[in-house]
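One-letter residues, chain by chain:
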Amino acid sequence: MRIDKLQTRRLLLALVLAFVPGCILRHTTTDQPQVATAKTSNVEWIAGTASVVITPDGPIWMGGYAQRFQPSQAVSQDLYAKVLAVQDEDGERLVLVTIDLLGITEAMRSEVERQAKQQYGLEPSDLLMNASHTHSGPEVRIESLRIEKQEIKWIERAEQYVQETSRKIVSAIGEALDRLVPARLSFTHVRCGFAKNRRSMRHTGRRDKLNPDGPVDQDVPVLRVDSIENGPLRAIVFGYACHNNVLSGYDLNGDYAGWTQSILQAARPEMLALFMAGCGGDQNPYPLGTADLAKQHGQSLANSVDAALMAQGKPLRGPLRTAIETVRLPFAKGPTRAQLGEAAKSKIILDRRYAQRLLRQLDENSGFIQEYDYPVQVARFGNDLTLIGLAGEPVVDYSLRLKRELAGSAVWVAGYCNALPTYIPSLRVLREGGYEAGGHRRYTNFAAPFDESIEERIVGKVHELYQRLGGN
């Protein structure tokens, strides 16, 4: 345990807070490592940031597209993990971790959570991890590499990368907590227009093309962190509900979200920009396909964030309250052994391998996976802002519905948080069918689509946590 560093951190923070009138330290008697916290009527928030490069050193297999047939060939933009830590006057904390990866795996979340608890006394509910969902980053889903029958050297390379990246994230969390200083938080939102619904309803049954009439959420929420003494803008967190998949080649990069962050930071060198992916499971950037288009969309989103920074944001007050729990999502009835036997003879290699995996499940486990424990996270900044973190790839219906139903304060719904099991369809999407409704499952070990209760279960858990944290 990093006792010396924790003591140093306490000391440094105490020195900072000593210069804030009315500031006292809150001591605890627990055995867990503690970071000093502030209690003052003059300073409502303290905040700290950190950033670390997570670009792999050398070639690595990439995530996002099954049709890739070789590892990464170059780096056109560095990848980052970024941290914003905020703490209210009662010592309650929220640590946001954004990372330029396809997703946060359960193993990665578990390891970061364990170390953050051990080293910094951070509770699981106080840690929210979000992936940008770039399709031009390393593959961190080890099971996916095994499913694809990847060479062992690339599986081992991915395992090593995940371990290294997890350590870097934990270290960055410590740095952000080291740098807590008095701050002001405010929230506003604007719009950006390149995201479009990709589920077109055609007679062929395909639902993966542009649907200009489909639902979208083109809101751009922006959390602003300013120094308390009228210093430079310290950090912004912004979101957008759209797949981060303009590019599909062999260059490692952060795609449009990476460019947006880079553009914003280049204009404000002392500021850290963090991107949180929204409910973009059925949303694509249009047009797409080239590096110039990735930069163009990145600039478009940066322009929207710039506009938000020109507006007078709503000040955020405490108290800060956080919660995270899982809700069980059952699956529908799976195929029969006879059906799998026929599918195992398919000429399509993905279908054949999928059927073979499910047959092994039947033989080894006497049945299919019946349910998935789905994490839901909620953080409330007083009565001013509710931040909701949903796992997997939720479709846009979740964001639209939750913002409608929790309309008493500003609501920010992020997807791609804390785990990446598969797509998370709404009831509407589930009944329509298609890739997001369950077609993606052939890339997983799930035998069937989710049960039709999925939307009500997830939304119900959000409402439960929201009310527990003081929402009406």
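Further up the page is the structure itself.
Residues numbered from 1 in each chain as written. Predicted model: local features only at pLDDT ≥ 70, side-chain atom pairs only at ≥ 80, totals over all residues. Heavy atoms only, no water.

Caption draft 1: Just the packing of helix H9 (residues 396-405) against helix H11 (residues 454-468), in detail. It is at 11 Å that the axes of H9 and H11 come closest, and there the two elements cross at 40°. Comparing the axis directions of H9 and H11 gives the class oblique. Remark: the crossing between H9 and H11 carries right-handed chirality. Here H9 contributes Tyr398, Arg401, Leu402 and Glu405 to the contact with H11, which in turn contributes Ile454, Glu455, Glu456, Ile458, Val459, Val462 and His463. Taken together, the residues of the contact of H9 with H11 break down into 6 nonpolar, 1 polar and 4 charged. (Axes fitted to C-alpha atoms, helices over the stretch in contact; angles between N-to-C directions. Helix = DSSP H or I, 4+ residues; strand = E, 2+ residues; numbered from the N terminus. Parallel < 35°, antiparallel > 145°, perpendicular 65-115°, else oblique. Left-handed = near helix turned anticlockwise from the far one by under 90°. Contact = heavy atoms within 4.5 Å. Nonpolar A, V, L, I, M, F, W, Y, C, P; charged D, E, K, R; others polar.)

Caption draft 2: Molecular detail of empty space enclosed by the protein. On inspection of all chains with the given rule, the structure shows 4 cavities of 30 Å³ or more. In this structure, the largest cavity occupies an estimated 110 Å³ of space. If you go around the largest cavity, you meet 14 residues; those closest to its centre are Asp217, Asp219, Pro221, Ser399 and Val413. Looking at which element gives the most residues to the lining of the largest cavity, the answer is strand E22 (residues 410-414), with 3 residues. Tallied by class, the residues present in the lining of the largest cavity amount to 8 nonpolar, 3 polar and 3 charged. Considering only enclosed or pocket space, the second largest cavity measures out at about 90 Å³ in volume. Its residues placed into classes, the lining of the second largest cavity shows 9 nonpolar, 3 polar and 2 charged. (1 Å grid on protein atoms, 1.4 Å probe; cavity = no way out; pocket = protein on both sides within 12 Å on 5 of 7 lines; lining within 4 Å. Points joined across faces, edges and corners; volume = space filled by probe spheres on them.)

Caption draft 3: Expanded view of the pattern of salt bridges. Enumeration over the complete set of coordinates arrives at 32 salt bridges. Here Lys117 and Glu123 are joined by a salt bridge, their closest N and O atoms 2.4 Å apart. Connected via shared salt-bridge partners are Arg198, Arg199, Asp282, Asp397, Arg428, Glu432 and Glu436. (Salt bridge = Lys/Arg side-chain N within 4 Å of Asp/Glu carboxyl O.)

Caption draft 4: Local environment of unusual backbone geometry. The omega angle of the peptide bond from Tyr286 to Pro287 is -5°, so this bond is cis rather than trans. As for its placement among the helices and strands, Pro287 is situated in the loop between strand E16 (283-285) and helix H6 (291-310). The omega torsion across Gly318 and Pro319 is 0°, close enough to zero to call that bond cis. Even without glycine at this site, Asp255 takes up a positive phi of about 60°. Positive phi is not limited to glycine here, since Tyr416 has a value of about 60°. Judged by relative accessible area, Tyr416 falls into the buried class, the value being 2%. (Buried < 20%, exposed > 50% of the residue type's maximum accessible area, 1.4 Å probe, protein only.)

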